[in-house]
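Results of the structural survey
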Amino acid sequence: MSQPPERYPLHLWIVEENHPLVAAWQARMLARRLHFSLADQTALATAVLEVARNIVRYAGRGEVIIRPYDDGVEVVARDAGPGIASVELALTDGYSTGHSLGLGLPGAKRLMSTFEIETAPGAGTLITMRKFPRAR
Amino acid sequence: MMNFSSIQKLDNLLLVSVPRDLVDDEVIQLRRDVLNAIRQYKSQIILLDFSRVDICDSFFGRFIYGTSQMTRLMGAKVIISGLQDAVIETMVELGMTLPDVDAVLDLDDALALSRSLRSAAVPPLAAGQDDDE
Ligand SMILES: Nc1ncnc2c1ncn2[C@@H]1O[C@H](COP(=O)(O)OP(=O)(O)OP(=O)(O)O)[C@@H](O)[C@H]1O
Ligand SMILES: [Mg+2]
C-alpha cells in the first residue's frame, strides 16, 4: 500500500506535452497517500498541472519536484526559460501573453496553501508551493 | 494507450465524452470532429460530458470556452454535464466560472432539456442566441 519514502523527492522532467499530466497525477498520488480529501487532492493536482503546462508553453522544458512536507505536499516547478517580467501582472486574473484565460498562476496560488515565485527576465522561473490538507 | 473521446448522436443531442487527459493536438481534433458532427446531424445541443475528467485546469476551460463559441457560430449550444464535486470546487477556486456555458447535472437532465427544446421547436439560430439575456 504505502510506497517506500525514499521515492521522494520525485524529480520529473517536463519536456513533452503529456508530462504535466504525469506530474499532476504523481502529486495526486502523494496527496492520497497523505490522506488528503478528494477536494484537496484535486486542488493540488490542478495547481501542478497549471504550473507544469506553463513550463511547456512558455519555457519549453523544465522540472517539477514533488515531496512530502510536514503533513502536506511541496511542489517546486522550475525552468530556465524566458522568466516573467512582471510577477504582479502574471498573478492577475485574466492576464495572459499566450492568448489564454490567464487563470493558471493566480488560480494555482488560490488552490495552494503557500505560493512563492522567483523569476526575472532571462533568468527562468522558480515556483515553490505547498498544500496542507484543510480541516474537514 | 490514447484516450479517445467518443461522439455519439443521442436524440437531438450530440454527446461528447471528454477524455480525461487533453493535450493541444487532441483539442484541435476533437473540436473538428464536433463541428463535423453538428453539421452531419444538425444537432442543437452539444453535451460535453465530463464524468471521466478528474482534473479541470485552465486548459480545459479554454477548450470548453472555445468549443462553445464555435458551436454558437453554428447555431447550436454547448452544455456541460457530469462534473465531479471535487472538480467543481476546484474550478470555482481557479476562477473558472464559465458564465456563458450552461450545465446540467447528468444525462437525464440533458435529455429532458433537449426534448423540451425540440417541443418548443426553436429554430437552431434562435436557440443559439437567446441565452444572451
Ligand atoms: N514558466 C513560465 N515562464 C515564462 N513565463 C511564464 C511562465 N509561467 C507563466 N508565464 C507568464 O505568465 C502569464 C500568466 O500565466 P497564467 O498561467 O496565469 O496564464 P496563461 O498561461 O497565459 O493562461 P491559462 O493558464 O489560463 O491558460 C503567461 O501568459 C506568461 O506570460
Ligand atoms: Mg497557464
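Description of the structure in this document.

About the thresholds
- Residues numbered from 1 in each chain as written.
- Chains lettered and ligands numbered in written order.
- Predicted model: local features only at pLDDT ≥ 70, side-chain atom pairs only at ≥ 80, totals over all residues.
- Heavy atoms only, no water.
- Helix = DSSP H or I, 4+ residues; strand = E, 2+ residues; numbered from the N terminus.
- Buried < 20%, exposed > 50% of the residue type's maximum accessible area, 1.4 Å probe, protein only.
- Rg over C-alpha atoms; globule rule 2.2 N^0.38 Å.
- Near = heavy atom within 4 Å.
- Polar contact = N/O pair within 3.5 Å; in protein donor to acceptor, adjacent residues only side chain to side chain.
- Nonpolar A, V, L, I, M, F, W, Y, C, P; charged D, E, K, R; others polar.
- Expected span 1.5 Å × (residues − 1).
- Contact = heavy atoms within 4.5 Å.
- Pairing = 2+ DSSP bridges.
- Buried area = accessible area lost by both parts, 1.4 Å probe.
- Salt bridge = Lys/Arg side-chain N within 4 Å of Asp/Glu carboxyl O.
- Core = buried A, V, L, I, M, F, W, Y, C linked by side-chain atoms within 4.5 Å.
- Axes fitted to C-alpha atoms, helices over the stretch in contact; angles between N-to-C directions.

Moving on, we come to the overall build of chain B. Scanning chain B for helices and strands turns up 5 helices and 5 strands. Here chain B holds 133 residues, and 47% of them are scored as buried.

With that settled, consider the overall build of chain A. Each helix and strand counted, chain A has 4 helices and 5 strands in total. Counting from the amino terminus, chain A carries its helices and strands in the arrangement β-α-α-β-β-α-α-β-β. In terms of overall dimensions, chain A is globule-like: its C-alpha atoms have a radius of gyration of 14 Å, near the 14 Å expected for 136 residues. With the C-alpha coordinates aligned to their principal axes, the bounding extent of chain A is approximately 45 × 30 × 25 Å.

To continue, consider the site of ligand 1. Around ligand 1, the surrounding shell holds 21 residues, and the nearest of these are Asn54, Tyr58, Ser96, Thr97 and Ser100 of chain A. At the site occupied by ligand 1, the surrounding residues belong to chains A and B. In the model, an oxygen atom of ligand 1 is placed 2.5 Å from a nitrogen or oxygen of the serine 96 of chain A side chain. Within the side chain of serine 58 of chain B, one N or O atom sits 3.0 Å away from an oxygen atom of ligand 1. At the level of elements, helix 2 (38-59) and helix 4 (104-111) of chain A are the ones that each hand at least two residues to the shell around ligand 1. Among the elements that line the shell around ligand 1, the one with the most residues is helix 2 of chain A, at 4 residues. When the residues that make up the shell around ligand 1 are grouped by side-chain class, the tally is 8 nonpolar, 10 polar and 3 charged.

Along its 16 residues, helix 2 (residues 58-73) of chain B runs 23 Å from first to last C-alpha, staying within 8% of the 22 Å computed at 1.5 Å per residue. Of all the positions in helix 2 of chain B, only Ser58, Phe59, Phe60, Gly61, Phe63, Ile64, Gly66, Thr67, Ser68 and Thr71 of chain B are classed as buried. Taken together, the buried residues of helix 2 of chain B touch helix 2 and helix 4 of chain A together with helix 1 (24-41), strand 3 (45-49), strand 4 (77-81) and helix 3 (85-94) of chain B.

The subject of this paragraph is the pairing of strand 2 (residues 62-69) of chain A. All names here are of chain A. Bridging between strand 1 (residues 10-14) and strand 2 involves 5 bridges; their strand directions are antiparallel. Bridge assignment links leucine 10 to a residue of strand 2, and that residue is isoleucine 66. One ladder, built from 8 bridges, connects strand 2 with strand 3 (residues 72-79); its direction is antiparallel. Across the sheet, proline 68 pairs through a bridge with valine 73, a residue of strand 3.

Attention shifts here to the interface of chain A and chain B. Taken together, the contact pairs 26 residues of chain A with 23 residues of chain B. Between chain A and chain B the total buried area reaches about 2,000 Å² when both faces are included, carbon and sulfur atoms providing 56% of it. When the area that chain A buries against chain B is broken down by residue, the three leading residues are Glu17, Arg53 and Leu101 of chain A, summing to 25%. The interface formed by chain A and chain B includes 2 salt bridges. Measuring nitrogen to oxygen at the nearest pair gives 2.8 Å for the salt bridge that ties aspartate 57 of chain B to arginine 53 of chain A. Between chain A and chain B we count 8 residue pairs in polar contact (both at pLDDT 80 or more) in total. Those elements giving two or more residues to the side of chain A that touches chain B turn out to be helix 1 (19-33), helix 2 and helix 4 of chain A. The element that contributes the greatest number of residues to the side of chain A that touches chain B is helix 2 of chain A, accounting for 10 residues.

Here the focus is the side chain of glutamate 74 of chain A. All names here are of chain A. Tracing the chain through its elements places glutamate 74 in strand 3. The exposure class of glutamate 74 is buried, given its relative accessible area of 6%. Leave out the neighbours within four places in its chain, and glutamate 74 touches Ile65, Ile66, Arg67, Tyr69, Thr128, Met129 and Arg130.

Next up on the list: the nonpolar core. It is characteristic of soluble globular proteins that their nonpolar side chains tend to be buried jointly. One finds Val64, Ile66 and Met129 of chain A together with Ile46, Leu48 and Phe50 of chain B to be the most contacted residues of the largest nonpolar core, which totals 59 residues. In terms of residues, this core owes the most to one element, helix 2 of chain A, which gives 7 residues. Not counting the four nearest positions on each side in its chain, leucine 48 of chain B is found in contact with Val16, Val18, Phe63, Ile64, Val78, Ile79, Ile80 and Ser81 of chain B. With 9 residues, the next largest nonpolar core counts Leu13, Ile45, Leu47 and Val104 of chain B among its residues.

With that settled, consider the sheet that holds strand 1 of chain A. Residue and element names in this part refer to chain A. The sheet built from 5 strands is open, its strands ordered 1-2-3-5-4 with antiparallel pairing. The open sheet has two edge strands with one neighbour each: strand 1 and strand 4 (114-119). The mean inter-strand angle of the sheet, taken between neighbouring strand axes irrespective of direction, is 15 degrees. Packing against the sheet, helix 2 makes contact with strand 1, strand 2, strand 3 and strand 5 (125-131), and its axis sits at approximately 5 degrees to strand 3.

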